[in-house]
Amino acid sequence: MIEAKTIKIKIQKDNFLRGSVYYQSSQLAKQIFEAGAKKEDRINSNHEHYQKVASYKTMESYRSIWNNFFNYLKEHWGIKDFEKIEAQHIQAYMDYKIEYYPSKQYLEKISAALGKLEIALKLFAKNIHNETRKYDFSIRQTLLDEARDLNYVANNYHNRAYNNPLLLISNLQNPLHKLAAYIQYEGGARIEGVALIKSEQLLGTKIDTITNTQKGIIFTKEKGGKEGEVLVSLDTYKKIENYLSLHSKFKINRQAYYEDIKQSALLSDETPEASHGLRWNFAKRRILEYAKAGYTYADSLQEVSYEMKHNRASITEHYLGG
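Residues numbered from 1 in each chain as written. Predicted model: local features only at pLDDT ≥ 70, side-chain atom pairs only at ≥ 80, totals over all residues. Heavy atoms only, no water.

*Asks:* Teacher, can you tell me more about the environment of glutamine 31 here?
*Replies:* Mapped onto the elements, glutamine 31 comes out in helix H2 (residues 21-32). Taking relative accessible area as the criterion, glutamine 31 reaches 4% and is therefore assigned buried. For the pair glutamine 31 and valine 53, spaced 22 residues apart in sequence, the C-alpha separation works out to 9.6 Å. (Helix = DSSP H or I, 4+ residues; strand = E, 2+ residues; numbered from the N terminus. Buried < 20%, exposed > 50% of the residue type's maximum accessible area, 1.4 Å probe, protein only.)

*Asks:* Explanation requested: unusual backbone geometry in the structure shown.
*Replies:* Negative phi characterises most residues that are not glycine, and trans characterises most peptide bonds. Its identity is not glycine, yet asparagine 130 carries a phi of approximately 55 degrees, on the positive side. Its place among the elements puts asparagine 130 in the loop between helix H6 (104-128) and helix H7 (139-146). Positive phi, normally seen in glycine, also occurs at asparagine 212, with a value near 55 degrees. As for its placement among the helices and strands, asparagine 212 is situated in the loop between strand E2 (202-208) and strand E3 (213-221). A relative accessible area of 62% places asparagine 212 in the exposed class.

*Asks:* Please clarify how the nonpolar core should be interpreted in this entry.
*Replies:* As a rule of thumb, soluble globular proteins bury nonpolar side chains together. Counting 69 residues, the largest nonpolar core has Trp66, Phe69, Phe70, Leu73, Ile85, Leu117 and Phe250 as its most contacted members. With 11 residues, H6 is the largest single contributor of residues to this core. If we skip the residues at most four places from it in the chain, phenylalanine 70 touches Val21, Ser25, Leu28, Phe82, Ile85 and Leu117. Residues Ile287, Tyr290, Leu301 and Val304 belong to the second largest nonpolar core, which totals 8 residues. (Core = buried A, V, L, I, M, F, W, Y, C linked by side-chain atoms within 4.5 Å. Contact = heavy atoms within 4.5 Å.)

*Asks:* Whenever I open this one, the pattern of salt bridges confuses me. Can you help?
*Replies:* Think of it this way: side chains of opposite charge can pair up when their charged atoms draw near. Inspection of the entire model under this criterion finds 11 salt bridges. Glutamate 118 is the salt-bridge partner of lysine 122, the closest N and O atoms lying 3.0 Å from each other. Placement of both lysine 122 and glutamate 118 in helix H6 is noted, with a separation of 4 residues, approximately one turn of the helix. The salt bridge involving aspartate 208 is made with arginine 286; its shortest N-O contact spans 2.9 Å. Pair noted here: aspartate 208 is in strand E2 and arginine 286 is in helix H14 (residues 276-292), with a separation of 78 residues, a long-range link. The class of aspartate 208 is buried, set by a relative accessible area of 3%. A relative accessible area of 4% means that arginine 286 is categorised as buried. Counted as one network, the salt bridges with shared partners bring together Asp208, Lys215, Arg285, Arg286, Glu289 and Glu307. (Salt bridge = Lys/Arg side-chain N within 4 Å of Asp/Glu carboxyl O.)

*Asks:* Help me understand the sheet that holds E3, please; the structure alone is not making it clear to me.
*Replies:* Strands pair in a sheet through their backbones, by hydrogen bonds, and they do so in one of two ways: parallel or antiparallel. Spatial strand order, E2-E3-E4: 3 strands in an open sheet with antiparallel pairing. The open sheet has two edge strands, E2 and strand E4 (227-232), and neither has a second partner. Here the strands of the sheet are splayed against their neighbours by 40 degrees on average, with no regard to which way each runs. Where E3 meets E4, 6 bridges bridge the pair, whose relative direction is antiparallel. Residue threonine 220 lies in a different strand from E4, and its bridge partner there is glycine 228. The strands touched by helix H12 (residues 234-246) are E2, E3 and E4; relative to E2, the strand with the most contacts, the crossing angle is about 170 degrees. (Pairing = 2+ DSSP bridges. Axes fitted to C-alpha atoms, helices over the stretch in contact; angles between N-to-C directions.)

*Asks:* What is the right way to look at the packing of helix H5 (residues 87-98) against H6 in this model?
*Replies:* When two helices pack together, their arrangement is captured by the angle between the axes and the distance separating the axes. Direction vectors running N to C along H5 and H6 enclose 165 degrees, while the axes themselves pass 11 Å from each other. Looking at the two axes, H5 sits roughly antiparallel to H6. Here the hand of the crossing between H5 and H6 comes out right-handed. Taking contact as the criterion, the partners of Ile90, Tyr93, Met94, Lys97 and Ile98 in H5 are, on H6, Tyr106, Leu107, Ile110, Ser111 and Leu114. Tallied by class, residues from the contact of H5 with H6 come to 8 nonpolar, 1 polar and 1 charged. (Parallel < 35°, antiparallel > 145°, perpendicular 65-115°, else oblique. Left-handed = near helix turned anticlockwise from the far one by under 90°. Nonpolar A, V, L, I, M, F, W, Y, C, P; charged D, E, K, R; others polar.)

*Asks:* How should I be thinking about the environment of leucine 301 in this particular structure?
*Replies:* For leucine 301, the location among the structural elements is in helix H15 (residues 297-307). Put simply, leucine 301 and isoleucine 287 are 14 residues apart on the chain and 6.8 Å apart in space, counted from C-alpha to C-alpha.

In structure tokens:
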């Protein structure tokens, strides 16, 4: 539980958000926590306690989610100053959590915590920097609404696959982004599986027994330390192989990649679904390939789930809805 003395430490006016995840979250907690603040004051936009958190237990719960989120940003986005959080990071994190079917209550708590984080960041900018900064994390509510009934998510979660993924990829401006997108589209890799690739991860080629075609093998380590092969076309494999013969590693900036995909989606008349939409395309295509190979629907779901580095077959159904 958060101690009162932790919350009440005086904030120096020259403070900036730097230091460890836990230090930064403590600085933000100080902005928004007001022990015992009355409910009528917390909903009164004219009161100094407006939108504050009054419960130690609630603040502790929110801060735990902030810490998890901040660690995610450090690991997957390289962000260490959490004043730099943008809406795209909120969307990526919510997608990251939704993919593993959290309980409805837990997802609601994540959304609420990120909403309070938006307020805390605004207050930090106002109280510490004496300036107004725009933070808009409303995407969290949109994603929460879409996944409101997680027991039946396959039936009501909107289809995130791109209508014409190849056109979207061709419209990407950065050649490295195109290569990363092909790996995600052809092999179902997550963003962390394509953001950094080294030569030792290229394991040659083999016959894909489902389609009876030769594929290139990229070994990736993704969410939660899950490891495994990602199978891509020989053309894509040759391109990444050629690149790594000239460079020590293949590396892309995630934020630049997300922005490139967003702009390409607009050019392609698609709804921007970040790079995750390409995994949806992979799942939909791959499930049909298993079906054509004679697998039952249940077995197809399970095998595609394994390829996408999940365990439960039901996760794959998540990608087939819409």
